[in-house]
Amino acid sequence: MAGRLLLRACLTTPVRLRSAVVSGASRRALATVKGIPTDEEQATGLERRALQALKHGKDPYSMLKPKEYAGTKEDPHIVPCIGTKRLVGCLCEEDNTAIVWFWLHEGNAQRCPSCGSHYKLVHHELPH
Ligand SMILES: [Zn+2]
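Here the structure is a predicted model, which is why all the values come from computation and not from measurement.

Undergrad: Looking at this model, I keep getting lost on the packing of aromatic side chains. Mind explaining?
TA: Think of a pair of aromatic rings as described by two things: how far the centres are apart, and how the planes are tilted against each other in angle. Summed over the entire model, instances satisfying the criterion amount to one aromatic pair. Here Lys-85 stacks its cationic end above the ring of Trp-103, 4.7 Å away from the centre of that ring.

Have a look at this one:
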């Protein structure tokens, strides 16, 4: 994907060469009749599935930045899980060097034993 972006950036940037004929010929050699295909047109396999899911507002492979939660009872930290319990590490304060680890179980939201932030386990299906 990065190679295609670099190629596209090179083709959209005006190239200053001594001869306009050479510039036109190099552009024709790299471009097709329809122009350069987009990422969605030439993506295949897993990359194509991920792009289609992102287009529909889904993030099955956790590629986007996770949403931030307040950690209160009304807005608990959401912890995705494929099972019924998951080990959670809480950095209770921003400058803490020690992580408080505890098991989060399915059901109601649980609180961190040290700072009291709320965490809720939500079942998550794997994309494949
Ligand atoms: Zn905590």
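Undergrad: When you look at a nonpolar patch on the surface in this model, what are you seeing that I'm missing?
TA: Together, Leu-87, Leu-91, Ile-99, Trp-101 and Trp-103 make up a nonpolar patch on the protein surface, roughly 550 Å² of accessible area in all. The residue Trp-103 is located in strand β3 (residues 100–105) in this model. For Trp-103, a relative accessible area of 45% translates into the label partly exposed.

Undergrad: Would you mind showing me how to read the UniProt feature "binding site: Zn(2+)" (unreviewed entry) in the protein here?
TA: The sites that UniProt annotates as "binding site: Zn(2+)" (unreviewed entry) are Cys-90, Cys-92, Cys-112 and Cys-115. Despite a sequence span of 26 residues, these residues sit close together in the fold, their greatest C-alpha distance being 8.6 Å. Here Cys-90 shows up in strand β2 (residues 85–90). Residue Cys-90 is classed as buried on the basis of its relative accessible area of 3%. Among all residues touching Cys-90, those that are not within four sequence positions of it are Ile-99, Val-100, Phe-102, Cys-112, Cys-115 and Tyr-119. Mapped onto the fold, Cys-112 is located in the loop between β4 (110–111) and β5 (118–123).

Undergrad: Explain the environment of Ala-70 to me, please; I cannot follow it from the model alone.
TA: By the element assignment, Ala-70 lies in the loop between α4 (45–55) and β1 (77–81). When the C-alpha positions of Ala-70 and Ser-117 are compared, they lie 8.4 Å apart, and in sequence the two are 47 residues distant. Residues within four places of Ala-70 in sequence aside, it is in contact with Asp-75 and His-77.

Undergrad: Can you walk me through the sheet that holds β1 in this structure?
TA: Note: strands within a sheet are paired through backbone hydrogen bonds, in either parallel or antiparallel orientation. Taken in spatial order, the three strands of this open sheet run β1-β5-β4, and their pairing is mixed. In the strand order of this sheet, the two ends are held by β1 and β4, each with one partner. With five bridges joining them, β1 and β5 adopt parallel strand pairing. Each bridged residue has a counterpart across the sheet, and for Val-79 the counterpart in β5 is Leu-121.

Here is what the cut-offs are and how they apply
- Residue numbers run consecutively from 1 along every chain, following the written order of its sequence.
- Totals for whole chains, interfaces and linings use every residue, but because this is a predicted model, local features are given only for residues with pLDDT of at least 70 and side-chain atom pairs only at 80 or more, for both listing and counting.
- Side-chain measures were taken over the full set of non-hydrogen atoms in the model, leaving aside hydrogen atoms and water.
- Any pair of Phe, Tyr and Trp rings, taking the six-membered ring for Trp, is counted once the centres come within 6.5 Å. Such a pair is stacked with planes under 30 degrees apart, edge-to-face with planes over 60 apart, and tilted for the rest.
- Should the NZ of a Lys or the CZ of an Arg lie within 6 Å of a ring centre and within 35 degrees of the ring normal, that charge is described as sitting over the ring.
- Patch definition: residues above 30% relative accessible area lacking any salt bridge, with like charges linked at up to 9 Å and the nonpolar side chains Val, Leu, Ile, Met, Phe, Trp and Tyr linked at up to 5 Å.
- What sets the accessible areas is the Shrake-Rupley method with a 1.4 Å probe; for residues, cover comes only from the shown protein chains.
- Any Lys or Arg side-chain nitrogen located within 4 Å of an Asp or Glu carboxyl oxygen qualifies as a salt bridge.
- Here a helix means four or more residues in a row that DSSP labels H or I, a strand means two or more in a row labelled E, and each is numbered from the N terminus.
- Only protein chains enter the area calculation, which uses a 1.4 Å probe; residues under 20% of their type maximum are buried, those over 50% are exposed, and those in between are partly exposed.
- UniProt positions are given in the numbering used here, feature names are shortened, and annotations may be inferred rather than shown by experiment.
- For this analysis, residues touch if any pair of their heavy atoms sits within 4.5 Å.
- DSSP-based pairing: two strands are paired if at least 2 bridges between them are found.

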